[in-house]
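Observations on chain architecture
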2 protein chains.
Amino acid sequence: MRIAVDAMGSDRAPAVEVEGAVGALLDREDLTVVLVGDRSAIEAELARHPGAPLGRIEVVEAADVIEPGEAPVPAIRRKPNSSIVIGTRLVKAGEADAFLSAGSTGAVMAAAHLILRPLPGVDRPAVGAALPAETGRFLLIDMGANVDTRPLHLLQFAHLGTIYAQDLMRIPNPRVGLLNIGHEPEKGDEQTLETHQLLKRSSTLNFIGNVEGRDVLRGVCDVLVCDGFVGNVMLKFYESMAGVIARLLKVEMEEQGVTLDLGRLFRRLDYSTYGGAPLLGVNGVVIIAHGGSPPAAIRNGIGVAAQSVETGMVEHIAGRLAHLAESSEET
Amino acid sequence: MRIAVDAMGSDRAPAVEVEGAVGALLDREDLTVVLVGDRSAIEAELARHPGAPLGRIEVVEAADVIEPGEAPVPAIRRKPNSSIVIGTRLVKAGEADAFLSAGSTGAVMAAAHLILRPLPGVDRPAVGAALPAETGRFLLIDMGANVDTRPLHLLQFAHLGTIYAQDLMRIPNPRVGLLNIGHEPEKGDEQTLETHQLLKRSSTLNFIGNVEGRDVLRGVCDVLVCDGFVGNVMLKFYESMAGVIARLLKVEMEEQGVTLDLGRLFRRLDYSTYGGAPLLGVNGVVIIAHGGSPPAAIRNGIGVAAQSVETGMVEHIAGRLAHLAESSEET
């Protein structure tokens, strides 16, 4: 299996990507990683890993990099030699089975949309984030790729997330929750009221009802459906909490003269270590990693990409969404 | 000054309300508290506080209670003798200067809307929550009273919040932020894009721009404006974090054989102790306390109500919003 990795995407590229790729190759002997980016920078990093299985590492030159601030669609068009465009094209051409990037989320989305294309029946590909709950994990979908969504889009997100949870989280019948401001079906804004009814009417979803903000971390569902606006706000808020608590705890420890090792706790809460966010609903496996990813996140992300390929996730999504578009469920 | 308190609203009513009221009366000698509810239950609780200044405590009988699950508007109409309706009517009649309730937020909102009425220029009264940031506090507005808001409503929330921050948080020129999914003015959904422009054009607001989820707790603004849907999700998520972290920390402390007193830290993060959420934009001072409020929250909430009265907050809001409605700012 061949996984293309954008070597230029993260805040500490290409060091983090190269180290992560070497780790992933040691995890699985059936993998080849195609590092896409500045060849000399990549090779300089590779030289720092004498144990790297060079026979399973290829480098594909990409002269350009799309910067975080660039408007995605124009950037994709203007920079055909960027690592994001070339990596995505490798998947399109069948020269790679999946693509992982820690670069601009918008640009990765746009490249996947323009080059790989959405699957039939998918109006809006969505980005999920497998977040830690108090026990286990849940997939938040959408985490920010789509704003101004309609109820039909959220219904599609529920199906996309269900298949991800089945194939990647190995949950046979994932519980789907709708992020909302109250438990009762009659609570919500216009969008969630209508979405609730769509989800409830679905014969193929295991819909458990509305999930309030306070229940998100209790692990009450496996797939949590929401518009990308609220998903993005909540995800970023969540990310910031660990740092706030850590700083407040540091003060307490100093004042009380007590030392508590918080490493494991904060690793648990740090979703970026879980290996990237899947872009679901396009015709190919694409994993978006956090710009601040450590090597372990890239390593895990490559593992998630490989697992997505071998479980046939894209084919499962294609079958389910095409069926959904033909059925009366959505109307 | 006379503050009416719904004695029947909280999860542990009337014990919590009576204890909180006694505390508030000891804090300020110029207060009288009017406890509204089941007279015999209230008097039984009062008997447990031998130091209570009975000369400044009145009891007004209310035979009914609106339960948390009831649909607000029908409940207000069906239960004219409920503590929420009677307490609100005391303000309307000038027999109390303010009303505090830890009962159903929806019912308190509905009663204020129907009995006190929104101020001219206020399309949607909003509920703020003064939340702790890493340093200081900020007012989140709206925290859940209004969903499906339009940009003009969010502009009004910004003005309501600004006046609250001036009068109650004593910040002369409060920084107003717009909760959004990116810093850049061109980021957001349709609503926040348009709201950003409205806020930017305002000559009377100190608008600092978009605030992302990750910056909320950094204390970058004094007033954080958002639709009630996302505000409610984020607030409830925030509320739940402390418990999650506390349970995870307990495990770490046990396994590492270390004891760290977390009381102060969690009191810092517990916004309910800050004294209730102001309902802003109606013709009267109304404070909504959390159903799970401890006595200290009721005590602080009564203090906030008193401060709102003495600063003339309602008059300030009336002046500002009437002016806004007449000016061209909103169009």
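Quick summary incoming for the structure in this document. Owing to the predicted nature of the structure, the values given are computational and were not obtained by experimental measurement.

1. Here's the deal with the overall build of chain A
- The helix and strand tally for chain A stands at eleven helices and eleven strands.
- The C-alpha atoms of chain A give 20 Å as radius of gyration, which agrees with the globular expectation for 331 residues (20 Å, within 12%).
- Each of the three principal axes of chain A carries a C-alpha extent, and together these read 60 × 60 × 35 Å.
- When each of the 331 residues of chain A is scored for burial, the buried share is 61%.
- Nonlocal contacts in chain A, meaning residues at least 24 apart in sequence, comprise 72% of its contacts between residues at least 6 apart.
- When the accessible surface of chain A is split by element, carbon and sulfur atoms take 50% of a total near 12400 Å².
- Positive and negative side-chain charges in chain A, numbering 30 and 42 respectively, have mean positions lying 1 Å apart.

2. What about the relation of the copies chain B and chain A?
- Placing chain B over chain A gives an RMSD of 0.0 Å and needs a rotation angle of 180 degrees, together with 0.0 Å of translation along the axis. Viewed as a symmetry operation, the transformation between the two copies matches a two-fold axis.
- A share of 100% of interface residues in chain B that are also interface residues in chain A marks the association as one of identical surfaces.

3. A few points about the pairing of strand 5 (residues 126–132) of chain B
All names here are of chain B.
- Burial of strand 5 is extensive: seven of the seven residues sit out of reach of the surface.
- Burial along strand 5 is two-sided: the face carrying A126, G128, A130 and P132 and the face carrying V127, A129 and L131 are both buried.
- Relative to strand 10 (residues 277–280), strand 5 is paired through two bridges, and the arrangement is antiparallel. Directly across from A126, in strand 10, lies its bridge partner L280.
- Counting the residues that bridge the hairpin from strand 5 to strand 6 (residues 137–141) gives four residues, and of these G136 lies at a positive phi of roughly 75 degrees.

4. Some details on the sheet that holds strand 1 (residues 2–6) of chain A
Residues and elements named next belong to chain A.
- Judged by pairing direction, the sheet is mixed, and its eleven strands sit side by side in the order 3-2-1-4-11-10-5-6-9-7-8 without closing on themselves. Every other strand in the sheet has two partners, leaving strand 3 (57–61) and strand 8 (206–211) as the edge strands with one partner each. Across the sheet, the axes of successive neighbouring strands diverge by a mean angle of 25 degrees, strand direction being ignored.
- In the packing of helix 5 (residues 105–116) onto the sheet, the strands contacted are strand 4 (98–101), strand 5 (126–132), strand 10 (277–280) and strand 11 (285–288), and the crossing angle to strand 11 comes to about 170 degrees.

5. Focus on the sheet that holds strand 8 (residues 206–211) of chain B
All names here are of chain B.
- In spatial order, the strands read 3-2-1-4-11-10-5-6-9-7-8; together these eleven strands make up an open sheet with mixed pairing. Where the open sheet ends on each side, the last strands, each with one partner, are strand 3 (57–61) and strand 8. Pairs of neighbouring strands in the sheet enclose a mean axial angle of 25 degrees, with direction left out of account.
- By the bridge criterion, three bridges tie strand 10 to strand 11 (residues 285–288) in an arrangement that is antiparallel. From the neighbouring strand, A277 faces strand 11, where its bridge partner is I288.
- Its contacts with the sheet put helix 5 (residues 105–116) on strand 4 (98–101), strand 5, strand 10 and strand 11, and the angle it makes with strand 11 is roughly 170 degrees.

6. Some thoughts on the packing of helix 1 (residues 15–27) of chain A against helix 2 (residues 39–46) of chain A
Residue and element names in this part refer to chain A.
- Running from N to C, helix 1 and helix 2 point in directions that differ by 55 degrees, and their axes come no closer than 9 Å. When the interaxial angle is binned, helix 1 and helix 2 end up oblique. Seen from above, helix 1 lies across helix 2 with right-handed handedness. Seen from helix 1, the contacting residues are A15, V18 and V22; seen from helix 2, they are I42, E45 and L46.
- Here the residues of the contact of helix 1 with helix 2 are counted per class, giving five nonpolar, no polar and one charged.

7. Notes on the side chain of Q307 of chain B
All names here are of chain B.
- Residue placement: Q307 occurs in helix 10 (residues 295–311).
- At 3.5 Å, the side chain of Q307 forms a polar contact with the backbone oxygen of L168.
- In this structure Q307 touches R28, D167, L168 and R170, once residues within four positions along its chain are discounted.

8. As for helix 10 (residues 295–311) of chain A
- Under the 1.5 Å per step criterion, the end-to-end length of helix 10 of chain A is 24 Å for 17 residues, consistent within 8% with the ideal 24 Å.
- Downstream of helix 10 of chain A by one or two residues, G312 of chain A has phi in the positive range, about 70 degrees.

9. Remarks on the interface of chain B and chain A
- Opposite the 45 residues of chain B that make contact, chain A presents 45 residues.
- Its largest share of buried area at the contact with chain A, chain B owes to I181, F229 and F237 of chain B, together 15% of the area lost on that side.
- The interface formed by chain B and chain A holds ten salt bridges in total.
- Of the charged contacts, one joins R264 of chain A and E255 of chain B as a salt bridge, the two residues approaching to 2.6 Å between their closest N and O atoms.

10. A short note on unusual backbone geometry
- Omega for the bond connecting I141 of chain A with D142 of chain A falls within 30 degrees of zero, at 10 degrees, which places this linkage in the cis form.
- Within the secondary structure, D142 of chain A sits in the loop between strand 6 (137–141) and helix 6 (151–167).
- Here the amide bond leading from A13 of chain B into P14 of chain B is cis, since omega sits at -5 degrees, within 30 degrees of zero.
- Take P14 of chain B: it is sitting in the loop between strand 1 (2–6) and helix 1 (15–27).

11. Quick look at the pattern of salt bridges
- What the rule picks out here adds up to 36 salt bridges over all chains.
- One salt bridge in this structure joins E310 of chain A and R28 of chain A, with 2.8 Å as the shortest N-O distance. Of the two residues, E310 of chain A sits in helix 10 while R28 of chain A sits in the loop between helix 1 and strand 2 (32–37), which places them 282 residues apart along the sequence.
- For the salt bridge of R28 of chain B with D30 of chain B, the shortest nitrogen-to-oxygen distance reads 2.8 Å.
- Relative accessible area serves as the criterion here: at 18%, R28 of chain B is assigned to the buried category.
- In this structure, a network of salt bridges that share partners links the residues E212 and R214 of chain A together with K236 and E239 of chain B.

Thresholds, definitions, all that
- Residues numbered from 1 in each chain as written.
- Chains lettered and ligands numbered in written order.
- Predicted model: local features only at pLDDT ≥ 70, side-chain atom pairs only at ≥ 80, totals over all residues.
- Heavy atoms only, no water.
- Helix = DSSP H or I, 4+ residues; strand = E, 2+ residues; numbered from the N terminus.
- Rg over C-alpha atoms; globule rule 2.2 N^0.38 Å.
- Buried < 20%, exposed > 50% of the residue type's maximum accessible area, 1.4 Å probe, protein only.
- Contact = heavy atoms within 4.5 Å.
- Areas by Shrake-Rupley, 256 points an atom, 1.4 Å probe, with all protein chains shown as cover.
- Lys, Arg positive; Asp, Glu negative; His and termini not counted.
- Charge placed at Lys NZ, Arg CZ, Asp CG, Glu CD.
- Least-squares fit on C-alpha atoms with pLDDT ≥ 70 in both.
- Pairing = 2+ DSSP bridges.
- Axes fitted to C-alpha atoms, helices over the stretch in contact; angles between N-to-C directions.
- Parallel < 35°, antiparallel > 145°, perpendicular 65-115°, else oblique.
- Left-handed = near helix turned anticlockwise from the far one by under 90°.
- Nonpolar A, V, L, I, M, F, W, Y, C, P; charged D, E, K, R; others polar.
- Polar contact = N/O pair within 3.5 Å; in protein donor to acceptor, adjacent residues only side chain to side chain.
- Expected span 1.5 Å × (residues − 1).
- Buried area = accessible area lost by both parts, 1.4 Å probe.
- Salt bridge = Lys/Arg side-chain N within 4 Å of Asp/Glu carboxyl O.

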